[in-house]
Amino acid sequence: MNAPLPLEGTVVLDVSRMLPGAVLARSLVDLGARVIKVEDPHSGDPMRVTPPIVGGIGAGFLAFFRGVESVTLDLKSPAGAAALRRLVRHADVLVESFRPGTLERWDLGHDRLEALNSGLVIVSLSSFGLEGPDSGRIGHDLIFVAETGLLSWLPA
């Protein structure tokens, strides 16, 4: 007998971009969640075109988003933002990785989304936090490794 996975029945909307959100999506699917990836209709997630390319799609996208459903919404447009707000009403979790203030500009701020669904858990994959002097900076793993000084340990 197979025991149910711990996140079965959980619906996750993933509007994040790049590797941190992809790793989280893979983990949530593995735990039984239904993950719906919201991608820009003009370009999709950047991982779709990040080498190495396999069969026309980035290998990382294929690996991390296996089992994830995808929809395209232009969140910058009123119609796309309205569609996401409709999806939020039926979701348990929203994962985002935009710079602080971006969702607010699109009328998708945390307060707005929580008003639509009081039980919604919002996960912000912010590189340097949502407030403070560095909050608008973008960061990925190599930047963090460099800022910690770990790169100075590498042989020249």
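My aim in this report is to walk through the structure given alongside it, one point at a time.

Rules behind the numbers
All residue numbers refer to position in the chain's written sequence, counted from 1. Totals for whole chains, interfaces and linings use every residue, but because this is a predicted model, local features are given only for residues with pLDDT of at least 70 and side-chain atom pairs only at 80 or more, for both listing and counting. As a rule here, side-chain values cover all heavy atoms of the structure and leave hydrogens and water aside. Each Phe, Tyr or Trp ring, with Trp reduced to its six-membered ring, pairs with another whose centre is within 6.5 Å; inter-plane angles below 30 degrees give stacked pairs, above 60 give edge-to-face pairs, and intermediate values give tilted ones. Working definition: with a 1.4 Å probe on protein chains only, accessible area under 20% of the residue-type maximum means buried, over 50% means exposed, and in between means partly exposed. Numbering of helices and strands runs from the N terminus, with a helix taken as a DSSP run of H or I at least four residues long and a strand as a DSSP run of E at least two residues long. Multiplying 1.5 Å by the helix residue count minus one yields the expected span of that helix. It is the directions from the helix axis to the C-beta atoms whose arc is reported. By the convention used here, residues are in contact when the closest approach between their heavy atoms is within 4.5 Å. What counts as a salt bridge is simple: a side-chain nitrogen of Lys or Arg found within 4 Å of a carboxyl oxygen of Asp or Glu. Here a cavity is any set of points on a 1 Å grid over the protein atoms alone where a 1.4 Å probe fits but cannot get out, and a pocket is any open set with protein on both sides within 12 Å along at least 5 of 7 lines; a residue lines the site when it has an atom within 4 Å of a point. Grid points are joined across faces, edges and corners, and a volume is the space filled by probe spheres set on the points. Ten residue types, Ala, Val, Leu, Ile, Met, Phe, Trp, Tyr, Cys and Pro, are classed as nonpolar, four, Asp, Glu, Lys and Arg, as charged, and the remainder, Gly among them, as polar.

Another aspect to go through is the packing of aromatic side chains. Considering all chains together, one arrives at two aromatic pairs under this definition. Between Phe98 and Trp106, the aromatic rings sit 5.1 Å apart at their centres with planes inclined by 80°, giving edge-to-face as the arrangement. Classification of Phe98 as buried rests on a relative accessible area of 14%.

Okay, helix α1 (residues 18-30) next. In a regular helix each residue adds 1.5 Å, so 13 residues correspond to 18 Å; α1 covers 19 Å between its end C-alpha atoms and thus fits that length. The complete set of buried residues in α1 reads Gly21, Ala22, Ala25, Arg26, Leu28 and Val29. All buried residues of α1 project into a common sector of 165° when viewed along the axis, lining one side. Where the residues of α1 are buried, they touch β1 (11-14), β2 (34-39) and α2 (59-64). The positive-phi residue at the C-terminal boundary of α1 is Gly32, with phi of around 105°.

Scanning the entire structure with this criterion turns up six salt bridges. With a shortest N-O distance of 3.2 Å, Asp107 and Arg112 are connected by a salt bridge. The exposure class assigned to Asp107 is partly exposed, which follows from its relative accessible area of 37%. By sharing partners, the salt bridges in this structure join Arg85, Asp107 and Arg112 into a single network.

Bringing the layout of surface pockets into the picture now. Looking at the second largest pocket, its volume works out to about 160 Å³. Lining the second largest pocket we find Arg17, Asp40, Ser43, Gly44, Pro46, Leu73, Asp74, Leu75, Lys76, Phe98 and Trp106. Grouping the amino acids of the lining of the second largest pocket by side-chain chemistry returns five nonpolar, two polar and four charged.

Turning our attention to the environment of Pro41. As for its placement among the helices and strands, Pro41 is situated in the loop between β2 and β3 (53-54). A residue is classified by how much of its surface remains accessible, and Pro41, at 41% relative accessible area, is partly exposed. Here the alpha-carbon distance between Pro41 and Leu73, two residues 32 residues apart in the chain, equals 5.9 Å. Residues in contact with Pro41, not counting those within four places in the same chain, are Thr72, Leu73 and Asp74.

A few words now on helix α3 (residues 78-88). Side chains of residues three or four places apart in an α-helix project in the same direction, reflecting 3.6 residues per turn. Of all the residues in α3, the buried ones are Gly80, Ala81, Ala83, Leu84, Arg85 and Val88. At its buried positions, α3 is contacted by β1, β2, β6 (93-96) and α5 (110-116).

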